[in-house]
Amino acid sequence: MALLEVRGLHTFYGNIEALKGVSLEVEEGEIVALLGANGAGKTTTLRTISGLERARSGSVTLRGKDITRARAHEIVLLGLSHVPEGRRVFANLTVEENLNLGAYLFRRQPKRIEERREAVYGIFPRLHERRSQLAGTLSGGEQQMLAIGRAMMVEPKVLALDEPSMGLAPILVRQIFSIIEEIRQRGTAILLVEQNARQALRLADRGYVLETGQVVLQDTAQVLAEDPRVRAAYLGGEPEVKAPQEADTQS
Ligand code: ATP
C-alpha cells in the first residue's frame, strides 16, 4: 500500500467543480511532482488532501488510515504537513518562534520540540544563524526555508509543497530544490506542486499532469520530461540538452 493514496477526488467551490476525480499516489521515499497550468487544480488537490477543503466524493488514505473527513490538525498528527503557496510566515515573530509554532501540536512535549528544532536547524543552517531575527526581515528564499522548516517541525512522513520556488531567483530555486532532495533522503516523501516543470521533473521520481481538474498524464519523471505534450505545454517545447556521456569525456 502506498504511503498516500488519493482516489477519485471531487472538490467543488460552490458550483465550480475544481477537481473531477483526481487519483494519485505517493510511495515511501518518493518525490512526486504535480504539474499543470494555472487553474488546473494543483492547489485544490493539496488543500483537499490536507483537510483545508472538503472533498464531495473520493478518498484520501494516509499510512493506511482514511483521512478524507479528518480535520486538518489530525492529518498533521497522522504525518502529512502542508506548506501553502506564498510562504506566510509570521513576520513579527522571530525565526525560532515561527518554528515553535510549527510544533504547536507538540506543545506539551518541550523536549520533543527542542529535538525537532535541532533537526530542522541541521537541514537549514541559515535558519540557525538567523534564529533571533524577525521573520519579516528575511529574504524571500529564507522565508521559504522557514515555511518548509516550520512544516518539518512535526517530522512528517509526507510533505506537500505548493510552489516552493515561486518568485525566487534561479540560485535560490536551486538551493530550495537541493533542500527538498535532502528532506527526502532524511525519510520524508514529497508531493511537489511546481510551475517550474523542468526543475521539478529533474528532481522528482514520478509526476502527474493535471488539466481542468483531471489527471491527463502520469509517468516516471524521465518519461514525462520527454513527452512531446509535456514539452510543448510546460517545457517551452525545447528538447532537453543532454550532458555528454561520462565515457565520452574520459576517452
Ligand atoms: P495556480 O497555479 O494558479 O494556483 P492551480 O492549478 O493550483 O492553479 P487551483 O487554485 O486549485 O488551481 O484552482 C482550480 C480551479 O478552482 C480554478 O478554476 C480556480 O479558479 C478555482 N478556484 C480556486 N480557488 C477558488 C475559490 N476559493 N473559490 C472559487 N473558485 C476557486
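Look up a bit, the structure's there.
Residues numbered from 1 in each chain as written. Predicted model: local features only at pLDDT ≥ 70, side-chain atom pairs only at ≥ 80, totals over all residues. Heavy atoms only, no water.

Examining the overall build of the protein
A tally of helices and strands in the protein yields 11 helices and 10 strands. Relative to the 2.2 N^0.38 estimate, which gives 18 Å for 251 residues, the radius of gyration of the protein is 18 Å and therefore close to what a compact globule would have. Here the protein holds 251 residues, and the buried ones make up 46% of them. The long-range fraction of contacts in the protein, counting pairs at least 24 apart against all pairs at least 6 apart in sequence, stands at 64%. Entry remark: accessible area of the protein is about 12,300 Å², with carbon and sulfur atoms responsible for 48%. The averaged location of the 32 negative side-chain charges in the protein is 6 Å from the averaged location of its 32 positive side-chain charges. (Helix = DSSP H or I, 4+ residues; strand = E, 2+ residues; numbered from the N terminus. Rg over C-alpha atoms; globule rule 2.2 N^0.38 Å. Buried < 20%, exposed > 50% of the residue type's maximum accessible area, 1.4 Å probe, protein only. Contact = heavy atoms within 4.5 Å. Areas by Shrake-Rupley, 256 points an atom, 1.4 Å probe, with all protein chains shown as cover. Lys, Arg positive; Asp, Glu negative; His and termini not counted. Charge placed at Lys NZ, Arg CZ, Asp CG, Glu CD.)

Some points on the site of the ligand
Gly39, Gly41, Lys42, Thr43 and Thr44 are the nearest of the 13 residues found near the ligand. Taking Asn38, its side chain carries an N or O atom lying 3.4 Å from an oxygen atom of the ligand. Taking Thr44, its side chain carries an N or O atom lying 2.4 Å from an oxygen atom of the ligand. Here the ligand loses 60% of its free accessible area of 630 Å² to cover by the protein chains. Looking at the shell around the ligand, the element that brings in the most residues is helix 1 (residues 42-49), giving 3 residues. Of the residues in the shell around the ligand, the class split is 4 nonpolar, 6 polar and 3 charged. (Near = heavy atom within 4 Å. Polar contact = N/O pair within 3.5 Å; in protein donor to acceptor, adjacent residues only side chain to side chain. Nonpolar A, V, L, I, M, F, W, Y, C, P; charged D, E, K, R; others polar.)

A word on the pattern of salt bridges
For the coordinates displayed, the defined rule picks out 12 salt bridges. Note that Arg117 and Glu96 form a salt bridge whose closest N and O atoms lie 3.6 Å from each other. Of this pair, Arg117 sits in helix 4 (residues 110-123) while Glu96 is found in helix 3 (residues 95-102), placing the two residues 21 residues apart along the sequence. Here Arg117 falls in the buried class, since its relative accessible area comes to 14%. Relative accessible area serves as the criterion here: at 22%, Glu96 is assigned to the partly exposed category. Close ionic contact of Arg130 with Glu142 constitutes a salt bridge, the shortest N to O distance being 2.9 Å. (Salt bridge = Lys/Arg side-chain N within 4 Å of Asp/Glu carboxyl O.)

Digging into the nonpolar core
With 47 residues, the main nonpolar core has Ile148 and Leu159 as its most contacted residues. Once you skip the residues sitting within four places of it in the chain, Leu159 turns out to touch Ser81, Val83, Ile148, Ala151, Met152, Ile183, Thr188, Ala189, Ile190 and Leu191. Membership of the second largest hydrophobic core comes to 27 residues, among which are Leu4, Val22, Val60 and Tyr208. (Core = buried A, V, L, I, M, F, W, Y, C linked by side-chain atoms within 4.5 Å.)

Description of the side chain of Ser165
Summarising the element assignment, Ser165 is placed in the loop between strand 7 (158-162) and helix 7 (170-185). A distance of 2.9 Å separates the side chain of Ser165 from the side chain of Glu194, its partner in a polar contact. Leave out the neighbours within four places in its chain, and Ser165 touches Val173, Phe177, Glu194 and Asn196.

Thoughts on helix 4
For helix 4, with 14 residues, the first-to-last C-alpha span of 20 Å sits near the 20 Å given by 1.5 Å per residue. Every buried residue belonging to helix 4 is among Ile113, Arg116, Arg117, Val120, Tyr121 and Ile123, and all of these are buried. End-on, the buried residues of helix 4 take up no more than an arc of 150 degrees, which puts them together on one face. Those residues of helix 4 that are buried are in contact with helix 3, helix 5 (125-129), helix 6 (140-152) and helix 7. (Expected span 1.5 Å × (residues − 1). Arc of directions from axis to C-beta.)

Some thoughts on the packing of helix 6 against helix 7
Where helix 6 contacts helix 7, the two axes come as close as 10 Å, and the packing angle between them is 15 degrees. Our classification of the angle between helix 6 and helix 7 gives roughly parallel. Helix-helix and strand crossings are classified by hand; for helix 6 and helix 7 the assignment is right-handed. Residues Gly141, Gln144, Met145, Ile148 and Met152 of helix 6 form the contact with helix 7, whose participating residues are Leu172, Gln175, Ile176, Ile179 and Ile183. (Axes fitted to C-alpha atoms, helices over the stretch in contact; angles between N-to-C directions. Parallel < 35°, antiparallel > 145°, perpendicular 65-115°, else oblique. Left-handed = near helix turned anticlockwise from the far one by under 90°.)

Topic: the pairing of strand 10 (residues 214-220)
Pairing of strand 9 (residues 206-211) with strand 10 involves 6 bridges; the strand directions are antiparallel. Across the sheet, Leu210 pairs through a bridge with Val215, a residue of strand 10. Counting the residues that bridge the hairpin from strand 9 to strand 10 gives 2 residues, and of these Thr212 lies at a positive phi of roughly 35 degrees. (Pairing = 2+ DSSP bridges.)

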